[in-house]
Amino acid sequence: MELIATLVCGGAAVAAALLVILSRNTVHSALWMVANCLVLAVLFLLLNSQFIAVLQVIVYAGAIMMFIIYAIMMLNLRVSDDEGDVRKSLFTGRFAVLCLFFLSLLILGVGLSPMAVKGDMFPLAVSTIGEVNLIANYIFLQGLCPFELVSVLLTAAVVGAVYLARKD
Amino acid sequence: MTDYQSIYLALSAILFAIGVLGVIVRKDAIVVFLCIEIMLGAVNLAFVTFARANQSAEGLFMVMCIMAVAGAEAAVGLAIFVLLYRKTGTINIDKFNLLKY
Amino acid sequence: MFDLVWLIPSFPLAGVLINGLLGRTIEERNKSLVHWIACGAVGLSFLVTLGIFLQLLELPAEKRLYDFTWFTWISAGEFSASIGYLIDPLSMFYCMFVTGVGFLIHVYSIGYMWHDEEGYYRYFAYLNLFMFSMINLVLADNFLLMFLGWEGVGVCSYLLIAYWFSDLANAVAGKKAFITNRVGDFFFAIGLLLMVTYLGEHGVWSLKFTDVFANASLMSPNLITLICLLFFLGCTAKSAQIPLYIWLPDAMAGPTPVSALIHAATMVTAGIYFVARCNILYSMSPLAMGVVAVVGALTALLAATIALTQNDIKRVLAYSTVSQLGYMFLGLGVGAFAAGIFHVLTHSFFKALLFMCSGCVIHAMSGEQDMRNMGGLRQKMPITFYTMLIGTLAIAGFPGFSGFFSKDEILWKVFSSGPGASFLWPIAILTAALTAFYMFRLIFMTFFNECRASEEVQHHIHEAPRSMTAPLVILAFLSIFGGVIGIPASLGGNNLVEHFLDPVMGLGAGKLLQSASGTSMVQGSAHAVALHSVELEHTLMIITTGIVFLGILVAYTMYMRNRSLPDTFAAKSPSTYRMLLNKWYVDELYEKTVINPLHSISVFFWKGIDVVVIDGLVNGTAAFFMKCGVVSRAAQSGYVQRYAVSFLVGVFALIAYYMYVR
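Predicted model, so just to flag it, every value in this text is computed and none were measured.

**Here we look at the overall build of chain A**
Here's step 1: The helix and strand inventory of chain A stands at 6 helices and 0 strands.
Here's step 2: Secondary structure elements in chain A, listed N-terminal to C-terminal, are α-α-α-α-α-α.
Here's step 3: For chain A, contacts bridging at least 24 residues in sequence account for 62% of all contacts bridging at least 6.
Here's step 4: For chain A, the accessible area works out to roughly 9,800 Å², and carbon and sulfur atoms hold 74% of it.

Below, the structure is given as structure tokens:
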């Protein structure tokens with residue numbers, strides 16, 4: 001059962017991502033991105049990380065994507081002007097194909113190498129790994145310093161964004 | 001087929017590749033940004049998978065941090081895009097080659 | 001007093017330093033101080049020379065040799081050279097007239113150069129530098145110091161010829177003089193190096209005259225001949241003989257006192273001094289002596305023929321100098337070393353006098369040097385006229401004047417020099433006739449008949465100031481009575497000169513008697529001693545005098561009586577006239593055969609090799625690196641996506657490395 005769910009969600013995620021990069025309309029790209037985020041949240045749920053799944057929906061799909069859509073609206077983008085330099089797009093296009101090829105090699109290598117982790121997916125004893133209290137334990141005992149630094153980073157980002165976008 | 005982890009990892013890799021492709025090919029700055037977010041999402045997936053496999057919360061914590069960074073990056077990046085749009089009226093990154101030799 | 005000999009060159013050196021370094025300020029404050037310093041320096045040198053000379057006379061003849069070593073100059077292993085001065089009859093004889101005539105010319109220069117705008121102190125500094133070099137040349141006790149003086153006088157000659165360098169022609173003349181001298185010096189240096197190397201192989205690592213001459217027999221006769229010929233080539237450049245005399249006529253571009261001092265009395269006689277000093281070496285090589293004699297004779301004749309047609313007053317005197325130098329070399333070449341040196345002395349008197357008088361004339365004529373525009377100056381410049389007439393009579397060899405005795409001595413020695421006499425003596429006699437002719441031509445054209453100058457020039461004609469005429473009078477006096485010291489025995493005199501120079505030259509004559517190798521033109525003195533027939537000598541004297549009178553008569557006829565004769569002669573043989581007027585086209589010949597090929601080679605090395613190869617290499621390297629930079633610039637395109645691609649490539653490389661290699 002989980003396998004079917006995994007495959008379906010995986011396919012949905014890949015399809016959403018492909019549609020993000022293939023859409024002509026910027027708003028459509030953003031919307032497909034929202035879809036991608038939601039599917040990812042489902043995938044997290046399948047991995048027993050409830051906290052992260054919720055976080056994904058709230059932060060990513062809810063805040064960041066909304067933010068991007070606000071920006072798109074503000075910049076009044078409709079159809080993205082993708083004409084550009086023919087020569088340059090050929091270069092990057094070909095290169096993109098090349099990199100995809102290499103990435104596939106990579107994936108194959110990862111898959112075929114003995115380092116791939118094997119094992120049972122859902123042992124019962126750790127079905128509670130995604131529980132919030134375990135994560136909270138980790139955060140406030142071992143990961144306190146990075147946690148605080150992250151908050152500092154967020155503050156800096158806020159200040160920077162406000163300064164950059166003010167009207168003068 | 002008891003090896004589900006490989007599926008998640010392969011999925012992560014494919015999503016990452018799509019993200020990279022998008023960054024290289026698309027001309028619109030916002031779409032490039034979206035593709036960066038795709039890449040980050042793929043990496044999140046990989047982290048969660050490994051956290052699940054190694055039975056530790058470290059991976060999940062890392063995912064949290066990555067999300068925070070993605071948020072901060074979105075804020076500052078979009079502010080810069082708005083500024084660029086104000087200055088030049090376009091958001092096509094092909095037009096911004098002022099740092100060339 | 002002998003130990004004070006180092007003062008003689010030091011006074012002019014001090015003059016150079018003071019005038020050279022502080023001259024500008026001195027000139028602004030008090031202009032006459034400049035010439036007081038300069039003339040005072042030379043005057044003091046003359047006084048010291050006089051003192052040493054008198055002290056030398058007190059010594060008996062065999063003891064007249066004193067070597068004063070001042071300090072060591074070079075000390076390299078076994079070879080060492082020191083600054084030292086040799087006091088012996090030859091050097092003192094030379095030093096006397098060098099400093100004496102030099103002093104008179106310094107005094108003359110005061111009047112001549114006073115109104116010049118271009119640096120009074122510079123002139124006197126150069127002149128003192130010249131005196132310093134010449135004194136070093138003459139007093140040196142080793143070849144190296146002598147060569148130092150040799151080069152020094154060459155440099156000063158260049159500096160002084162090109163004194164008015166703002167006129168390009170003067171600078172070119174100075175350059176020509178210097179380069180021609182350098183060519184001669186090159187061969188001179190080769191001879192010197194050959195000598196020092198060869199003697200060094202035999203253990204004699206010294207360049208002192210006394211050491212070299214004592215060990216001269218260590219060298220094979222062929223080597224001695226080669227060295228003597230190389231030295232003589234250097235002397236031909238310095239003393240203006242064939243083939244390197246070409247610079248002397250052009251050197252007349254310098255101020256007249258310079259011509260008088262350097263190109264009449266002192267520098268050009270350096271070659272004579274050198275050959276006389278090395279008389280032992282030359283006597284050991286009859287071939288070298290023969291070459292010296294023949295070159296001297298031919299030069300004398302060549303220069304005399306050219307002087308017949310020249311119209312510039314200083315050019316005539318210049319060619320006359322070349323001719324007289326030829327005479328001196330002729331005398332040296334036949335073995336009459338003392339006679340040659342005596343002629344140097346008398347020539348310095350009357351040639352300096354002639355040049356200075358011509359300087360007065362040019363000064364009075366506001367710079368006019370062409371004799372065709374002169375004339376009738378006899379009444380307006382009496383002192384100049386009479387002194388110049390005395391000088392002319394002396395150079396022509398009029399009986400009773402100093403030139404007569406010295407020239408006659410040489411002619412006698414040439415006549416009695418054995419197999420070469422039949423070739424050399426007629427040339428010498430012919431030259432004497434030509435000398436008389438062209439010198440009197442000069443006198444008649446300049447001082448007699450009507451004045452052919454323009455009106456305004458005629459207004460300015462005046463006698464020279466006292467500072468200029470006083471040396472003229474002194475030199476005129478010496479031109480008449482200076483020959484007293486050399487009156488030969490056949491006329492009842494004592495020939496003091498010959499006896500005085502015997503310790504230096506007598507050795508040469510001695511070697512001459514000993515050298516018996518094959519046919520030599522110059523079994524000279526042997527014959528002279530054998531044929532010492534007084535009647536023959538008197539007959540020759542009468543012949544010479546007759547020839548001189550003939551020359552004067554012809555000049556009188558052509559330039560006083562029948563004034564159209566010169567043009568008639570020129571019209572009858574135009575090609576000969578043009579040949580003589582254009583100096584036998586020697587300069588043009590040198591230009592075509594030597595200078596142009598060298599120029600082409602230089603241009604080839606410049607354009608072909610220096611520009612293409614060397615500059616190409618250097619510039620090419622730079623251009624190559626620039627191209628590398630241009631190519632590398634393409635990596636920075638400014639497009640973010642291209643940068644992202646390069647990230648990607650790097651990431652792949654890393655991952656591939658970690659996966660497949662490790």
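Past the structure itself, the notes keep going.
**Quick look at the overall build of chain C**
Here's step 1: Counting its regular elements, chain C contains 27 helices and 2 strands.
Here's step 2: For the C-alpha atoms alone, the extent of chain C along its principal axes is close to 125 × 70 × 55 Å.
Here's step 3: A separation threshold of at least 6 residues defines the contact pool for chain C, and within that pool the share at least 24 residues apart is 80%.
Here's step 4: The positive charge centre, built from 35 side chains, and the negative charge centre, built from 37, are 9 Å apart in chain C.

**Remarks on the nonpolar core**
Here's step 1: Of all hydrophobic cores here, the largest spans 195 residues; its most connected members are C:Tyr94, C:Phe143, C:Met195 and C:Tyr282.
Here's step 2: Of the residues forming this core, the biggest block, 18 residues, is contributed by helix 15 (residues 337-364) of chain C.
Here's step 3: Contacts of C:Phe143, omitting those with residues within four sequence positions, involve C:Leu192, C:Met195, C:Leu207, C:Phe209, C:Val212, C:Phe213, C:Phe231, C:Phe274 and C:Cys278.
Here's step 4: Counting residues in hydrophobic clusters, the runner-up holds 77 residues, among them A:Phe44, B:Ile38, B:Phe61 and B:Leu78.

**Regarding the interface of chain A and chain B**
Here's step 1: On the chain B side, the residues contacting the 80 residues of chain A number 67 residues.
Here's step 2: Summed over both sides, the interface of chain A with chain B buries roughly 6,700 Å², with 78% coming from carbon and sulfur.
Here's step 3: On the surface where chain A and chain B come into contact, there are 0 salt bridges.
Here's step 4: The interface formed by chain A and chain B holds 7 residue pairs in polar contact (both at pLDDT 80 or more) in total.
Here's step 5: Listing elements by their share of the side of chain A that touches chain B, those giving two or more residues are helix 1 (2-22), helix 2 (26-46), helix 3 (50-75), helix 4 (86-112), helix 5 (132-141) and helix 6 (144-165) of chain A.
Here's step 6: For the side of chain A that touches chain B, the element with the most residues is helix 3 of chain A, which contributes 14 residues.

**Quick word on the pattern of salt bridges**
Residue and element names in this part refer to chain C.
Here's step 1: In the structure shown here, the tally under the stated rule is 11 salt bridges over all chains.
Here's step 2: We note a salt bridge from Asp 88 to Arg 277, for which the minimum N-O separation is 2.9 Å. Residue Asp 88 is found in the loop between strand 2 (79-87) and helix 3 (89-113), and its partner Arg 277 is found in helix 11 (residues 270-277); the two are separated by 189 residues along the sequence.
Here's step 3: By relative accessible area, Arg 277 is classed as buried at 4%.
Here's step 4: Residue Lys 176 is joined to Asp 587 by a salt bridge in which the shortest nitrogen-to-oxygen separation is 3.1 Å. In this pair, Lys 176 is assigned in helix 6 (residues 168-201) and Asp 587 in helix 26 (residues 586-633), connecting sequence segments 411 residues apart.

**Observations concerning the environment of C:Ile542**
Residues and elements named next belong to chain C.
Here's step 1: For Ile 542, the position within the fold is in helix 23 (residues 534-561).
Here's step 2: With relative accessibility at 62%, the residue Ile 542 sits in the exposed group.
Here's step 3: For the pair Ile 542 and Pro 399, spaced 143 residues apart in sequence, the C-alpha to C-alpha distance is 9.4 Å.

**So, the pairing of strand 1 (residues 66-76) of chain C**
Along a regular strand, successive side chains alternate from one face of the sheet to the other.
All names here are of chain C.
Here's step 1: Two elements, strand 1 and strand 2, share 9 bridges in a ladder whose sense is antiparallel. Paired with Ile 74 across the two strands is Ala 81, which belongs to strand 2.
Here's step 2: The hairpin formed by strand 1 and strand 2 contains 2 residues between the paired strands, and Gly 77 there has a positive phi angle of roughly 65°.

**Some points on the packing of aromatic side chains**
All names here are of chain C.
Here's step 1: Counted under the stated rule, the structure contains 45 aromatic pairs over all chains.
Here's step 2: Linked through ring pairs, Phe 143, Phe 147, Trp 150, Phe 188, Phe 209, Phe 213, Phe 231 and Phe 274 together constitute an aromatic cluster.
Here's step 3: Lying across the ring of Tyr 120, Lys 31 places its NZ or CZ 5.0 Å from the centre.

**What about the state of the cysteines?**
All names here are of chain C.
Here's step 1: The tally for this structure, following the rule as stated, stands at 0 disulfides over all chains.
Here's step 2: This cysteine, Cys 156, is not joined by any disulfide, and Cys 95 carries the nearest cysteine sulfur, 16 Å off.
Here's step 3: Given the relative accessible area of 1%, Cys 156 is considered buried.
Here's step 4: Considering cysteine sulfurs only, Cys 228 is the nearest to Cys 278, which forms no disulfide, with 7.2 Å between them.

**Some remarks on the environment of C:Ile443**
Residues and elements named next belong to chain C.
Here's step 1: Within the secondary structure, Ile 443 is located in helix 18 (residues 421-447).
Here's step 2: Look at Ile 443 and you get buried, because its relative accessible area is 0%.
Here's step 3: Counting along the chain gives 334 residues from Ile 443 to Ser 109, while the straight-line C-alpha distance between them is 23 Å.
Here's step 4: Ile 443 has contacts with Phe 385, Met 388, Leu 389, Thr 392 and Phe 448, leaving out every residue within four places of it along the chain.

**Some thoughts on the confidence of the model for chain A**
Here's step 1: Confidence in the prediction for chain A averages 80 pLDDT; 72% of positions are at 70 or higher.
Here's step 2: In this model, residues 120-125 of chain A is a region of pLDDT below 50 whose contacts with residues beyond four sequence positions or in other chains number 11 contacts.

**Things to note about a nonpolar patch on the surface**
Here's step 1: Taken together, C:Trp606, C:Val611, C:Val612, C:Val613, C:Ile614, C:Leu617 and C:Val618 make up a surface patch of nonpolar side chains, about 680 Å² in accessible area.
Here's step 2: Secondary-structure assignment places C:Val613 in helix 26.

**Examining the packing of helix 11 of chain C against helix 14 (residues 313-333) of chain C**
A pair of packed helices is captured by two measures, namely the crossing angle of their axes and the spacing between those axes.
All names here are of chain C.
Here's step 1: Contact geometry of helix 11 with helix 14 gives a least axis separation of 10 Å together with a crossing angle of 5°. Judged by the inter-axis angle, helix 11 sits roughly parallel to helix 14. In this structure, helix 11 uses Gly 271, Ile 272, Val 275 and Ala 276 to contact helix 14, whose residues at the interface are Leu 325, Met 328, Phe 329 and Leu 332.

**Digging into unusual backbone geometry**
Here's step 1: Residue C:Ile242 is joined to C:Pro243 through a cis peptide bond whose omega torsion reads 0°.
Here's step 2: Inspection of the secondary structure puts C:Pro243 in the loop between helix 8 (221-238) and helix 9 (247-250).
Here's step 3: Phi angles above zero are rare outside glycine, and A:Asn48 is one such case at about 70°.
Here's step 4: Position of A:Asn48 relative to the elements: it lies in the loop between helix 2 and helix 3.

Parameters at a glance
Residues numbered from 1 in each chain as written. Chains lettered and ligands numbered in written order. Predicted model: local features only at pLDDT ≥ 70, side-chain atom pairs only at ≥ 80, totals over all residues. Heavy atoms only, no water. Helix = DSSP H or I, 4+ residues; strand = E, 2+ residues; numbered from the N terminus. Contact = heavy atoms within 4.5 Å. Areas by Shrake-Rupley, 256 points an atom, 1.4 Å probe, with all protein chains shown as cover. Lys, Arg positive; Asp, Glu negative; His and termini not counted. Charge placed at Lys NZ, Arg CZ, Asp CG, Glu CD. Core = buried A, V, L, I, M, F, W, Y, C linked by side-chain atoms within 4.5 Å. Buried < 20%, exposed > 50% of the residue type's maximum accessible area, 1.4 Å probe, protein only. Buried area = accessible area lost by both parts, 1.4 Å probe. Salt bridge = Lys/Arg side-chain N within 4 Å of Asp/Glu carboxyl O. Polar contact = N/O pair within 3.5 Å; in protein donor to acceptor, adjacent residues only side chain to side chain. Pairing = 2+ DSSP bridges. Phe/Tyr/Trp six-rings, centres within 6.5 Å; stacked < 30°, edge-to-face > 60°. Lys NZ or Arg CZ within 6 Å of the ring centre and 35° of its normal. Disulfide = S-S within 2.5 Å. pLDDT = per-residue confidence, 0-100. Patch = residues over 30% accessible without salt bridge, like charges linked within 9 Å, V, L, I, M, F, W, Y side chains within 5 Å. Axes fitted to C-alpha atoms, helices over the stretch in contact; angles between N-to-C directions. Parallel < 35°, antiparallel > 145°, perpendicular 65-115°, else oblique.

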